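A look at the structure
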Amino acid sequence: MTMRNLMRVAATGAAAFFTATGALAQEAAEAANAAGTPIAAATAEVATVAVPNPGNNAWMMTATILVLLMIIPGLTLFYGGLTRSKNMLSTMTQIGATAALAMIIWVMWGYSLAFGDTTYEGPLGWFISGGSYFLAGTDASSTAATFTDEVISKYVFISFQMTFAAITAALILGATAERMKFSAVMAFVPIWLTIVYFPIAHMVWAGGGLLFEDGALDFAGGTVVHINAGVSGLVLAYLLGKRRGWPQEPMMPHSMTLTMVGTGLLWVGWFGFNAGSALEADGSAGLAMINTFVATAAGALAWMVIEKLAGHKGSALGFCSGVIAGLVAVTPAAGNSGPFGAILLGILSAAVCYFFVAKVKAKFGYDDSLDAFGIHGIGGIVGAIGTAVVYQPWIGGPGDGSTALGTQLGIQVFSVLITIAWAAIGTLIAGYLVKLTVGLRVSEETEVDGLDISEHGERAYN
């Protein structure tokens, strides 16, 4: 099962339906009183109004806050600790401001383009929806469908998806750290979200979306979040150019302690990311939960073992990198795999991501500062394609075997290729627009002095 089929239920139509149902119930009651018939019997055939299950609603509100925890403070500490001390506050501020800007854009037009109540016929409907700008037609009584006959508050669903948009845009900044202007980030984010993120989210998770209708499996965002952010980060890193002095000068993380703290917060928050994508507190959420435990543990240990086999010491940085590689790979498979398959994905992702971070980056010379592409992009590809395998019942997956492995592999590869192409082309467009207007990169003097003091007038440490 893919992540969401929520566009089938329009809030306006639901409100009209509930109003009509209430009127029918009142008429039935009045008729029953006049005829002396028990009200329960008279209204037995009247449809029951669907209301959110408080338990599911509470879980989804918690999951939403957990994803926010992934961004602030999780990602800010993880990325911030990996930079040099003179750029720590700049990195953290860019992430926080990006997330805040994405939230505002989401409620103005992002939700409408990705999951709006108006669906379009033909090819346009493969890529976007509409009709819900500024959340028109939504109020406290509006509901959104889940994967069963349950519903949750529509505001809760909108908020949950809002945090996904926010963290995806922020993840890109790992590839551009220490050299991109703050003004450029603020100009890039609205353009990128509009032409890249919102259409991809619609394609994968919305009814009528191109990849959704094709049968692509993406439980919590392997394509929408990780491949999208990783590829976009790589393209933007090429547009920016290498950091001054890289790779000749060592640019070691200034605080692995903070990076380790950020890693822990990301792992904790990821349970909202993955288990929350079940949209209910049910068995599917439980499966996503255990998979998020074991795939991550396998990735962390595998990375450290690979370091040892490569002649190095098992490092804290390796542990943190393996944690993220495992989390990324299991994201599309969280509810689409058994625990054994999740462990295999975590190990495989750690191995492939290590190869790209340690070997491929040096070979091709791209300055992916904090390995956003090497871990999120590559790990997302491993997870998205690997989901076709771990979904199969013969490896303990939840699939029923109705879709052959070869067929599902073809679907997954197609979804990966579409995501890569869309993200790359869209980021090129957004990047060049910003470069031609406000410019992308800070001056050489600013880069030497550090972005903290030059861009924000502050220092992380005094």
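Conventions and cut-offs
Residues numbered from 1 in each chain as written. Predicted model: local features only at pLDDT ≥ 70, side-chain atom pairs only at ≥ 80, totals over all residues. Heavy atoms only, no water. Helix = DSSP H or I, 4+ residues; strand = E, 2+ residues; numbered from the N terminus. Buried < 20%, exposed > 50% of the residue type's maximum accessible area, 1.4 Å probe, protein only. Contact = heavy atoms within 4.5 Å. Areas by Shrake-Rupley, 256 points an atom, 1.4 Å probe, with all protein chains shown as cover. Salt bridge = Lys/Arg side-chain N within 4 Å of Asp/Glu carboxyl O. Expected span 1.5 Å × (residues − 1). Phe/Tyr/Trp six-rings, centres within 6.5 Å; stacked < 30°, edge-to-face > 60°. Axes fitted to C-alpha atoms, helices over the stretch in contact; angles between N-to-C directions. Parallel < 35°, antiparallel > 145°, perpendicular 65-115°, else oblique. Left-handed = near helix turned anticlockwise from the far one by under 90°. Bend = angle between axes of the 7 residues up to and from the residue. Nonpolar A, V, L, I, M, F, W, Y, C, P; charged D, E, K, R; others polar. Core = buried A, V, L, I, M, F, W, Y, C linked by side-chain atoms within 4.5 Å.

Along the backbone of the protein chain there are 18 helices and two strands. A total of 462 residues make up the protein chain; the buried ones form 55% of that total. A separation of at least 24 residues holds for 79% of the contacts in the protein chain among residues at least 6 apart in sequence. For the protein chain, the accessible area works out to roughly 17600 Å², and carbon and sulfur atoms hold 68% of it.

With that settled, consider the pattern of salt bridges. Evaluation of the coordinates by the stated rule reveals eight salt bridges. Linked through salt bridges whose partners overlap, the residues forming this network are Arg-84, Glu-178, Arg-179, Arg-243 and Asp-367.

Turning our attention to the side chain of Thr-91. Topologically, Thr-91 is positioned in helix H4 (residues 88-115). Not counting residues up to four positions away in its chain, the partners in contact with Thr-91 are Tyr-79, Gly-80, Thr-83 and Ala-177.

With that out of the way, let us pick up the environment of Val-225. Here Val-225 is to be found in helix H10 (residues 222-240). The spacing of Val-225 and Phe-164 is 61 residues in sequence and 7.4 Å in space, taken between C-alpha atoms. Not counting residues within four places of it along the chain, the set of residues in contact with Val-225 comprises Phe-164, Thr-168, Leu-171, Ala-220 and Phe-273.

Let us now look at the environment of Leu-89. Examined against the element boundaries, Leu-89 turns out to sit in helix H4. On the accessibility criterion, Leu-89 (22% relative accessible area) is partly exposed. Along the sequence, Leu-89 and Glu-455 sit 366 residues apart, while their C-alpha atoms lie 9.7 Å from each other. Once you skip the residues sitting within four places of it in the chain, Leu-89 turns out to touch Asp-452, Glu-458, Arg-459 and Ala-460.

Another aspect to go through is helix H13 (residues 316-330). Taking 1.5 Å of rise per residue, the 15 residues of H13 would be expected to cover 21 Å, and the 21 Å separating its terminal C-alpha atoms lies within 8% of that figure. Along its buried surface, H13 packs onto helix H3 (54-82), H10, helix H11 (256-275), helix H12 (283-309), helix H14 (339-364) and helix H15 (372-390).

This structure, assessed with the given rule, holds 20 aromatic pairs. Here Phe-115 and Phe-157 contribute two aromatic rings whose centre-to-centre distance is 5.5 Å and whose plane-to-plane angle is 75 degrees, an arrangement assigned as edge-to-face. In this pair, Phe-115 is assigned in helix H4 and Phe-157 in helix H6 (residues 154-171), connecting sequence segments 42 residues apart. A residue is classified by how much of its surface remains accessible, and Phe-157, at 1% relative accessible area, is buried. Each residue in the set Trp-106, Tyr-111, Phe-115, Phe-157, Trp-192, Tyr-197 and Phe-198 is aromatic and connected to the rest through ring pairs, giving one cluster.

The axes of two packed helices give the description: the angle between them and the distance between them. At their nearest, the axes of H10 and helix H16 (residues 405-437) sit 8 Å apart, and the two run at 40 degrees to each other. Classed by the angle they form, the pair H10 and H16 counts as oblique. Remark: the crossing between H10 and H16 carries right-handed chirality. Contact residues: Thr-223, Ile-227, Asn-228, Val-231, Ser-232, Val-235, Leu-236 and Leu-239 in H10; Ser-415, Val-416, Thr-419, Ile-420, Ala-423, Ala-424, Thr-427, Leu-428, Gly-431, Tyr-432 and Lys-435 in H16.

A few words on H11. When the terminal C-alpha atoms of H11 are compared, their 28 Å separation across 20 residues agrees well with the 28 Å that a helix rising 1.5 Å per residue should span. In H11, a bend of some 30 degrees at Gly-269 exceeds every other bend along the element. Among the residues making up H11, those that are buried are Thr-259, Gly-262, Thr-263, Leu-266, Gly-269, Trp-270, Phe-271, Gly-272, Phe-273, Asn-274 and Ala-275. The elements touched by buried residues of H11 are H3, H6, H10, H12, H13 and H15.

The interhelical angle for the contact between H6 and helix H8 (residues 182-205), taken along N-to-C directions, is 125 degrees, at an axis separation of 11 Å. With respect to H8, the element H6 is oriented oblique. Where H6 crosses over H8, the handedness of that crossing is right-handed. Between H6 and H8, the residues in contact are Gln-161, Phe-164, Ala-165, Thr-168 and Ala-169 and Val-189, Trp-192, Leu-193, Tyr-197 and Trp-205, respectively. The residue makeup of the contact of H6 with H8, split by class, is eight nonpolar, two polar and no charged.

Here the focus is the nonpolar core. Taken as a class, soluble globular proteins show a tendency for nonpolar side chains to be buried jointly. Formed by 101 residues in total, the largest nonpolar core has its most connected members in Leu-75, Trp-106, Leu-193 and Tyr-197. Considering each element in turn, this core owes the most residues, 14 residues, to H8. If we skip the residues at most four places from it in the chain, Leu-193 touches Ala-102, Ile-105, Ala-165, Ala-169, Phe-198 and Pro-199.

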